[in-house]
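Residues per chain are reported as follows:
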Amino acid sequence: MYRLALLLTLLAPTALLADTLTIPVGDQGADLDASNLPHKGQSKRAVLERFGLADEEHKPVGQPPITRWDYREFSVYFEYDHVINSVRHHQPRHLDTVKEQQ
């Protein structure tokens, strides 16, 4: 019993010393504002007129057919001919410092 109490006494403070790590997901791609992405419900034609041809267009998959257009900084997902989501690509910030060190 004495050993158990000693073990709990020694382990309890380690949990109290833990740090909280927060990752600011909203900060990634700060140069590309969310208002500059295609909005839900827009047609393929409207996206094409505003952003031009995609760098890569993927074939429809599944039922209902989901199509993805990849641009340099974001991807657009379509169900049939309308936007269902737009997602920014991850833009790592640490690459600049890594390149400078090399």
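Criteria and cut-off values
- Residues numbered from 1 in each chain as written.
- Predicted model: local features only at pLDDT ≥ 70, side-chain atom pairs only at ≥ 80, totals over all residues.
- Heavy atoms only, no water.
- Helix = DSSP H or I, 4+ residues; strand = E, 2+ residues; numbered from the N terminus.
- Buried < 20%, exposed > 50% of the residue type's maximum accessible area, 1.4 Å probe, protein only.
- Contact = heavy atoms within 4.5 Å.
- Pairing = 2+ DSSP bridges.
- Phe/Tyr/Trp six-rings, centres within 6.5 Å; stacked < 30°, edge-to-face > 60°.
- Lys NZ or Arg CZ within 6 Å of the ring centre and 35° of its normal.

Under the annotation held in an unreviewed UniProt entry, the chain carries the name Phosphodiesterase and is attributed to Pseudomonas sediminis.

Q: Please give an account of the environment of P60 that cites residues and values.
A: By secondary structure assignment, the location of P60 is in the loop between β1 (56-57) and β2 (66-70). A relative accessible area of 54% means that P60 is categorised as exposed. Each C-alpha atom of the pair P60 and E79 lies 8.7 Å from the other, and the pair is 19 residues apart in sequence. Residues in contact with P60, not counting those within four places in the same chain, are P65, I66 and T67.

Q: Account for unusual backbone geometry, naming residues and giving values.
A: Residues Q63 and P64 are joined by a peptide bond in cis, for which omega reads 0 degrees. Looking at the secondary structure, you find P64 in the loop between β1 and β2. At Y80, a position not held by glycine, the phi torsion is positive, near 55 degrees. Structurally, the position occupied by Y80 is in the loop between β3 (74-79) and β4 (82-88).

Q: How would you summarise the pairing of β4 if you had to cite specific residues and measurements?
A: As defined by bridge partners, β3 adjoins β4 across 6 bridges and the pair is classed as antiparallel. Counterpart to Y77 in the pairing with β4 is N85.

Q: Please set out the side chain of D70 residue by residue, giving values where relevant.
A: Its location among the elements puts D70 in strand β2. A residue is classified by how much of its surface remains accessible, and D70, at 10% relative accessible area, is buried. Beyond its immediate chain neighbours, meaning those up to four positions away, D70 contacts A54, D55, E56, H58, S75 and H89.

Q: Got a sec to walk through the sheet that holds β2? Specific residues and values, please.
A: Spatial strand order, β1-β2-β3-β4: 4 strands in an open sheet with antiparallel pairing. If you trace the sheet from one side to the other, it starts and ends with β1 and β4, each paired once.

Q: Would you mind going over the packing of aromatic side chains in detail, with residue names and values included?
A: Taken as a whole and assessed by the stated rule, the structure comprises 4 aromatic pairs. Between F51 and F74, the aromatic rings sit 5.2 Å apart at their centres with planes inclined by 70 degrees, giving edge-to-face as the arrangement. Highlighted residues: F51 in helix α2 (residues 44-51) and F74 in strand β3, separated in sequence by 23 residues. By relative accessible area, which is 23% here, F51 ends up partly exposed. By relative accessible area, F74 is classed as buried at 6%. Cluster of aromatic residues (ring-pair linked, three or more members): F51, Y71 and F74. Sitting over the ring of F78, K44 keeps its end group 5.4 Å from the ring centre.

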